[in-house]
Structure formats: C-alpha cells, structure tokens
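Okay, here's what each chain looks like letter by letter:
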Amino acid sequence: MRPQDGGFFHVHNIPIEAVERYSAHYQHLDLWTLGHHARYGGQAGGFLGDMFIATRDLERSEFYADHLRPQDMHKLCTAVTLVGPTKGSYVSFAMFRGRNAKEFTEHERRLGEHIAPHIQRALLIAARLHSAQRVGRVDKEMLDVASAAIFLVDASGTLLKYTPAAERLLQEGTYLRARANRLQAATGSELLRDVIGEVSKSAAGRPYSRILPLGHTRGAGRVHVLVVGGGMHNPKCAFVVVGAVSARPLDFAQRLAQVYRLTPAETRLCELLHQGRTIEEASEFLKVKRSTVLSQLKSIFFKTDLNRQSALTRLLIDLAAL
C-alpha cells in the first residue's frame, strides 16, 4: 500500500526500473505467485520459494532468466497476508537472496508466519481509515460513531477528537491517560509521544505509520496501537488506533524459544538484553562468568543469523512488539 493509503511500499537494493518492469510484464509470469495459489490456494502464512516451485523448474523459466537472474534474486522467504476474500487479493513481505547466498532457514519462515497476521490487522485498520478519509468524514463524523478506540491528535499529542470507546479508555487510565489534554501512555513511557511526533510530521524519508505495544499500569496484559498520519484532511496530525486488550502479557520467552530454538539460558539472556542490561550486568544477575554469557551470546548470534549486539537488540524489540 502507498503511504497516502495508510501503508507503505518499499524496496531495498532493487532498482526501481526492475520493479516497474515486474509490474508491467513479469507480475503475471511470477512462478512464485502462481505456485502460491496452485499449492496453497492463496492462503496466508510464511513460505520459502521452493514451497511454491522447485528451484530447477524456476531456473528454466522466462521469469527467472529475464527478471530474477539479472537482479541475482534466487531464493525467497515471504510472509503473505490476505486483504480480502477474493483469491489473489493479498499483500506480501518478501526477502530475496542471491544464488551464492545461504538458504533461508525454517526459523525465518516461521517468523514470517508470526508477522503475517499483524500485517493483516494493520492493513485492515489503515484501509478503514482511508475509506472514511476519502469522503472527508474522519474527524467530523466517523469519530462520533466508530466502535473502535481512535484518537485524533496533533504532533504534540494534544487531543483533538476521539471516539466514545477511546474516551472510556482515558477514564479507565490503565493503558492511556490525558495530561494537560495530551495523550500519554499510562505507564509513563515516552515512546508513544515520540512516535506521534514522528508520524504526524511524516515526509520523505520518514515512516508514515508505526505499531507499538502499550503496557497496563499494573502489568496485567497490554494493547497494541497503530499510529498513522492524519492524511490530507488532517495535516501534521495522527490517528492513534487502539487494538483489542490482550488478556495476559505476551510470552516473549516462549516466542524466542519457538522461533529461534533458543535454550532456556539463551532465552533468559535475551530477556535481560531486551530490558537494557549490559553483558556485565547480565553476568552478575545470572550469577555466571562473563565468558559464559559471551558463549551464550555467540550461540544466539548463530541461531538468529546476526553478528552484532545492536542488531540483536533491534530484533528483540520488534519480536516483543508483535
């Protein structure tokens, strides 16, 4: 989806000319897409390219010779989500690797399965906002009758308008609160404020929307919110759309173990790093030698296919937010 539609389209390390050629000619010859529909009926989830078509058959095709090979796009890992009931109506998040690169792993495919439903929810929310926005009703009528909890705020977080469900959330004060008529996370986190400022001022090179979790003041579950730019009718503003309340906190440790096959000790170390602790602090907290922590970290790097602690931290933040 385009930024003005409440989403984004982004390519990395692929020339825009190749994208245009794909749209003009090769989209209907894409054997990965055709294989997805033929073998899986267009279902959502995480997939690897050879689940759609055998590599040897792909390499013999016009699609590969004329489009993929010049870009050295040989291996595929994708998260597919449906955006409508009609067959073929879907969006995918795809990663490619060259012929000489290592194969995508089962762990990476399973991570795609975790990502797909969250992409779908974001797309559905964005589509509903855009549908209302096209007729100019977002801030005048929709927010008076919508059943979802939606806030319209300016770049500083000042409340401009909100739905009845959003008002109830403010009254409860367990996830969100209003201080000096500004929307804040009830836990005191400044992340929501920063994201609102970033998204509402979105321009070239800046993200148009963000999803982030909000914790309960007593730690009992959390919600996810979509912060999306106000669009042409509400410049320098943002909508904050609150998702359903989770009955219990997300089991971050279980997800780490499931997706990356981490041991209990490695999972515990990741939890501490996610909390912002250093290697030395983790060593002291776990009452083990620093060399033991470094050995565990090396194993985590291998299993997550990373080689820097900063990259691991970003992965942990993203995984915890799902």
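Just above sits the structure.
Residues numbered from 1 in each chain as written. Predicted model: local features only at pLDDT ≥ 70, side-chain atom pairs only at ≥ 80, totals over all residues. Heavy atoms only, no water.

Trainee: Please provide a residue-by-residue account of the overall build of the chain, values included.
Mentor: Within the chain, the secondary structure is distributed over 13 helices and 10 strands. Taken across its 322 residues, the chain has 40% of its residues classed as buried. Expressed as a percentage of contacts within the chain between residues at least 6 apart in sequence, the contacts between residues at least 24 apart total 52%. When the accessible surface of the chain is summed, it comes to about 17,900 Å², and 52% of that surface belongs to carbon and sulfur atoms. (Helix = DSSP H or I, 4+ residues; strand = E, 2+ residues; numbered from the N terminus. Buried < 20%, exposed > 50% of the residue type's maximum accessible area, 1.4 Å probe, protein only. Contact = heavy atoms within 4.5 Å. Areas by Shrake-Rupley, 256 points an atom, 1.4 Å probe, with all protein chains shown as cover.)

Trainee: Tell me about the packing of aromatic side chains, and please be specific about residues and values.
Mentor: Counted by the stated rule, this structure contains seven aromatic pairs. Centroid distance Trp-32 to Phe-63: 6.3 Å. Interplanar angle 85°. Geometry classified as edge-to-face. With Trp-32 in helix H2 (residues 31-40) and Phe-63 in helix H4 (residues 62-68), the pair connects residues that are 31 residues apart, well separated along the chain. Each member of the pair, Trp-32 as well as Phe-63, is classed as buried. Three or more aromatic residues joined by ring pairs form one cluster here, namely Tyr-22, Trp-32, Phe-63 and Phe-96. Taking NZ or CZ as reference, Arg-97 lies 4.1 Å from the ring centre of Phe-104, over its face. It is Arg-277 that lies over the ring of Phe-285; its NZ or CZ is 4.5 Å from the centre. (Phe/Tyr/Trp six-rings, centres within 6.5 Å; stacked < 30°, edge-to-face > 60°. Lys NZ or Arg CZ within 6 Å of the ring centre and 35° of its normal.)

Trainee: Account for the packing of helix H9 (residues 252-260) against helix H10 (residues 264-274), naming residues and giving values.
Mentor: Here H9 crosses H10 at 125°, and the two axes come no closer than 10 Å. Between H9 and H10, the angle is such that the two are oblique. You can see that H9 and H10 cross each other, and the crossing is right-handed. On H10, the residues touching Phe-252, Ala-253, Leu-256 and Ala-257 of H9 are Thr-267, Cys-270, Glu-271 and His-274. Of the residues belonging to the contact of H9 with H10, the class tally is five nonpolar, two polar and one charged. (Axes fitted to C-alpha atoms, helices over the stretch in contact; angles between N-to-C directions. Parallel < 35°, antiparallel > 145°, perpendicular 65-115°, else oblique. Left-handed = near helix turned anticlockwise from the far one by under 90°. Nonpolar A, V, L, I, M, F, W, Y, C, P; charged D, E, K, R; others polar.)

Trainee: Can you break down the pairing of strand E5 (residues 159-162) residue by residue, with the values?
Mentor: By the bridge criterion, three bridges tie strand E4 (residues 149-154) to E5 in an arrangement that is antiparallel. If you follow Phe-151 over to E5, its bridge partner there is Tyr-162. Linking E4 back to E5 in an antiparallel pair, the connection comprises four residues, with Gly-157 at a positive phi of about 90°. (Pairing = 2+ DSSP bridges.)

Trainee: For the sheet that holds strand E1 (residues 45-48), give the residues involved together with the corresponding values.
Mentor: One open sheet accounts for three strands, arranged E1-E2-E3; its pairing is antiparallel. A single partner strand is all that each edge strand has here, and the edge strands are E1 and strand E3 (90-97). Ignoring which end each strand starts from, the neighbouring axes of this sheet average 15° apart. Relative to strand E2 (residues 75-82), E1 runs antiparallel, the two sharing four bridges. Paired with Gly-45 across the two strands is Val-80, which belongs to E2.

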